[in-house]
Structures are given as C-alpha cells and as structure tokens.
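Reading the structure
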Amino acid sequence: MSNTRFEPRVRTLLGPGPADVHPRVLAAMARPTIGHLDPQFIALMDEIKDLLRSAFCTENRLTMPISGPGSVGMETCFVNLVEPGDKVVVCINGVFGMRMKENVERIGGTAVVVADPWGRAIDPNKLEDALRAHPDAKVVAFVHAETSTGARSDVETLVEIAHRHNCLTIVDAVTALGGCELQVDDWGVDAVYAGSQKCLSCTPGLAPISFNERAIERLRARRTPVQSWFMDLNLVMGYWDGSQRRSYHHTAPVNALYGLHEALLMLREEGLEQAWTRHARHHRALRAGLEALGLELIVPEGERLPQLNVVAIPEGIEDATVRARLLAEYDLEIGAGLGDLAGKVWRIGLMGHSSRPENLMLCLAGLGAVLRDLGHIGDLDRALVAVHRQLFG
Ligand SMILES: *Cc1c(COP(=O)(O)O)cnc(C)c1O
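Small disclaimer: the values here were computed from a predicted structure and weren't measured.

Moving on to the overall build of the chain. When its secondary structure is counted, the chain shows 13 helices and 13 strands. A compact globule built from 393 residues should have a C-alpha radius of gyration of about 21 Å, and the chain, at 21 Å, falls within 12% of that. Along the first, second and third principal axes, the C-alpha set of the chain runs to 65 × 55 × 45 Å. Here the chain holds 393 residues, and 59% of them are scored as buried. Taking contacts inside the chain between residues at least 6 apart in sequence as the whole, the part at least 24 apart equals 72%. Per element, the accessible surface of the chain, about 16,400 Å² overall, is 51% carbon and sulfur. Here the chain carries 40 positive and 49 negative side-chain charges, and the mean point of each set is 2 Å from the other.

Structure, rendered in structure tokens:
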C-alpha cells in the first residue's frame with residue numbers, strides 16, 4: 001500500500017547531481033504560489049535574469065531559466081541554432097558530448113565528431129584539424145565540465161578556434177556553473193546552457209541559458225521555423241523579455257523559480273569567485289584523502305574538475321556493493337560510472353551545498369571503513385588528517 005505520505009530519508013548527495021539542496025532554497029519553494037503573470041512574479045523573473053547574468057559573467061540580454069531539466073536547456077540551444085542540413089562539429093569526451101551529437105542528427109544536421117579519450121580534456125588541435133577539413137561547419141559544440149568523466153576542457157581556447165573558423169559555439173555548462181570559472185562574455189561563448197541541481201544547490205528542473213547577440217542573429221536569420229514549439233526562443237522571449245508586454249507562453253514553474261532565486265541570491269552572498277575557490281579547496285582535500293586510501297583519480301592533473309571527482313575502483317572491489325553499503329549505512333550517495341566507465345569508477349561530486357567540510361569527512365571515513373571491511377587496506381587515519389590539513393591547514 002502506498003496511501004501514506006512520502007517521507008524520504010535525508011541523504012548526503014555526493015554523486016553527479018542532484019547535489020544537496022540548501023534548506024533556504026527548500027524553504028523558499030514552500031512559499032505561497034502566485035499567478036505567473038502577477039506583477040510580483042514578473043519582478044521576480046527580472047531579478048532571476050539579473051542574478052543569472054552575474055553567475056554566467058555576462059551582460060547578454062537573452063539570459064533566463066528554461067522550464068525543464070538541463071537536457072531541455074541543451075535541446076533549446078540546438079533546436080534554435082541548428083537547422084536541417086547544417087554541419088556541426090561536436091567534440092566528444094564523454095556521455096554528454098554524445099547527447100549533443102544525437103541532438104544535431106535528430107534536427108537533420110550533420111555531426112562531425114572530434115573524439116577524445118574519456119577522462120581527458122578536449123584537444124584543441126583536433127578541433128582545429130576538424131574545422132580545417134570542414135570549412136562549411138556552422139557550429140562547434142562541446143561540454144565544459146564533463147560530468148561522466150570528471151574532465152574540464154579549456155572553453156576560452158576552443159571558442160577562439162571556433163570563431164577563427166566562423167563558427168558559433170554551444171557550450172554545456174550544466175555542471176560548471178557556480179563550481180568553476182566560467183566567463184561567458186570574456187571567453188566569447190555564443191550559447192550556453194546549465195542546470196539548477198548541480199553547483200547551484202537548487203532542486204532539479206530548471207535550465208539557465210544565455211545567448212549573445214551573434215546567437216540571436218543566427219536565430220533571427222533562420223530559413224526554417226524552429227521545429228519545437230515549446231523551445232522556440234522567439235516565443236519564449238515574449239514571455240521572459242521585460243521590454244515587451246508579457247504574453248502567456250507556458251505556465252512557469254512558479255515555486256521552482258522561488259528556489260532558483262534563493263539559490264542565486266546565496267551564490268551572490270558567498271561571491272562567485274569565493275564559490276569557485278571553495279570548490280577547488282575541497283577538491284584538493286578530497287584528493288589528499290583519497291590518495292591516503294590508495295585510490296586514484298582517473299583524470300590527469302590540470303584537466304580535473306573540482307566539483308566532480310572520478311575515482312578508479314580498486315582491484316577486487318565490487319562497485320555496487322560499496323555504493324549500496326554507503327547508502328544503507330551512512331545515507332551517503334556517491335555516483336556510479338557511466339557508459340564505458342560503468343563498474344570501473346565512482347563519481348564523487350562536491351557540488352554547491354554538498355561541497356562542505358563535514359561531507360568530506362563523512363565521505364572519506366565511510367568509504368575508507370567500507371573498503372577496509374571488503375579487504376582493501378588504506379591508511380584511514382592519514383586520510384582524515386590529510387583532509388583536515390587541506391581544509392584548515
Ligand atoms: C547533468 C548534466 C546534464 C543533464 O542535465 P539534466 O538536468 O539531468 O537533464 C547535461 N550535461 C551535463 C554535463 C550534466 O552534468
């Protein structure tokens with residue numbers, strides 16, 4: 001029987017997302033629902049757009065949250081900027097790059113793939129070669145923070161190459177936003193999409209996007225209508241653009257937007273750069289602890305994401321057993337490997353509100369103890385001291 005209230009156990013979410021949602025965000029979401037064309041709500045929409053511009057480091061007027069998960073942010077970028085017959089260079093170094101290719105092909109475009117090994121950043125030289133070989137390409141798409149592998153790519157360099165070859169850029173910043181440096185304007189990113197449930201400490205279901213003037217121009221110059229009615233930005237802008245009389249497009253998820261607003265306020269209170277620094281410091285602490293336990297990160301130094309750490313599973317240890325025990329014994333969630341990395345790695349996310357000292361201690365102590373039970377001997381004492389020194393040195 002399930003006619004009882006659903007009361008989930010409180011977990012610590014150190015997987016690839018969702019991350020822990022801050023109590024302030026949950027409290028904001030419990031406030032009274034008002035009409036989505038209520039003047040109060042319209043003022044809130046304008047504030048959210050301003051706060052998002054700060055988080056993306058952009059002045060782009062077309063900056064707003066799309067109603068839907070990060071995947072809807074992705075589709076919004078592709079359906080608006082790619083037309084049937086367009087050639088798009090897609091850099092793939094993990095699962096989320098593969099989805100970009102899928103988007104291009106479903107639209108009727110041609111995807112030219114630049115493949116890099118899983119766990120490595122995208123190689124700018126390969127992109128350069130692909131663009132030389134395909135001078136008719138119109139768009140370059142890649143993932144900033146590949147959550148499936150823990151690799152960070154050099155957005156500034158990749159965008160510079162794309163622009164030299166007259167391509168627009170679409171960048172997946174779902175895991176990047178709020179967790180590591182992302183400079184939409186300074187780096188010249190044309191279209192970018194993100195998610196609410198990773199480093200913003202908000203609930204899943206909203207996808208901040210930002211388009212610059214070049215991207216808007218491309219949208220205006222389309223030969224064909226955008227195939228998706230819901231994601232057609234020409235229509236969505238009429239709903240979110242403060243300079244026009246707002247017209248009904250769809251019903252915004254009112255309470256979810258209260259949550260995003262609170263999360264963005266908290267990011268502003270902390271300071272964007274301070275948030276990046278916190279993620280980097282906690283990454284160093286996790287790494288020091290993992291090393292003492294005899295565990296290795298699969299991504300080479302210099303290409304690692306601070307907010308998502310991909311750890312090789314030691315010989316003889318069964319992936320699912322460890323994750324199930326951490327969940328049952330410590331209410332602690334860590335992530336499994338995806339795609340080619342399934343069964344071979346764990347993904348430890350330290351995103352947003354999850355990236356806290358007490359979570360680092362819980363993770364290292366719980367993981368170290370469970371591994372010892374299963375016969376993997378690491379130096380648990382040294383691990384905890386190393387974490388503490390990195391945090392409070
Ligand atoms: C999580 C994630 C997505 C998808 O976001 P959803 O909210 O799950 O749709 C896309 N790209 C990257 C890099 C992600 O980490």
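Take the environment of L44 next. Note that L44 resides in helix 2 (residues 39-56). Separated by 217 residues in sequence, L44 and H261 have C-alpha atoms that sit 7.8 Å apart. Residues within four places of L44 in sequence aside, it is in contact with L257, Y258 and H261.

Buried residues of helix 6 (residues 155-164): V155, L158, V159, I161 and A162, and no others. Seen from one end, helix 6 has its buried residues packed into an arc of 160°, which puts them on one side. On its buried face, helix 6 is in contact with helix 5 (124-133), strand 5 (139-143) and strand 8 (168-172). At the C-terminal side of helix 6, N166 shows a positive phi close to 55°.

In the vicinity of the ligand, the contacting residues are P69, G70, S71, F96, V143, A145, T147, D172, V174, T175, Q197 and K198. Separating an oxygen atom of the ligand from a side-chain N or O atom of T175 is a distance of 3.0 Å. Contacts to the ligand include Q197, whose side-chain N or O atom sits 2.7 Å from an oxygen atom. In isolation the ligand has 380 Å² of accessible area, and contact with the protein removes 88% of it.

Conventions used here
Residues numbered from 1 in each chain as written. Predicted model: local features only at pLDDT ≥ 70, side-chain atom pairs only at ≥ 80, totals over all residues. Heavy atoms only, no water. Helix = DSSP H or I, 4+ residues; strand = E, 2+ residues; numbered from the N terminus. Rg over C-alpha atoms; globule rule 2.2 N^0.38 Å. Buried < 20%, exposed > 50% of the residue type's maximum accessible area, 1.4 Å probe, protein only. Contact = heavy atoms within 4.5 Å. Areas by Shrake-Rupley, 256 points an atom, 1.4 Å probe, with all protein chains shown as cover. Lys, Arg positive; Asp, Glu negative; His and termini not counted. Charge placed at Lys NZ, Arg CZ, Asp CG, Glu CD. Arc of directions from axis to C-beta. Near = heavy atom within 4 Å. Polar contact = N/O pair within 3.5 Å; in protein donor to acceptor, adjacent residues only side chain to side chain.

Function cannot be inferred from these measures alone, as they are strictly geometric.
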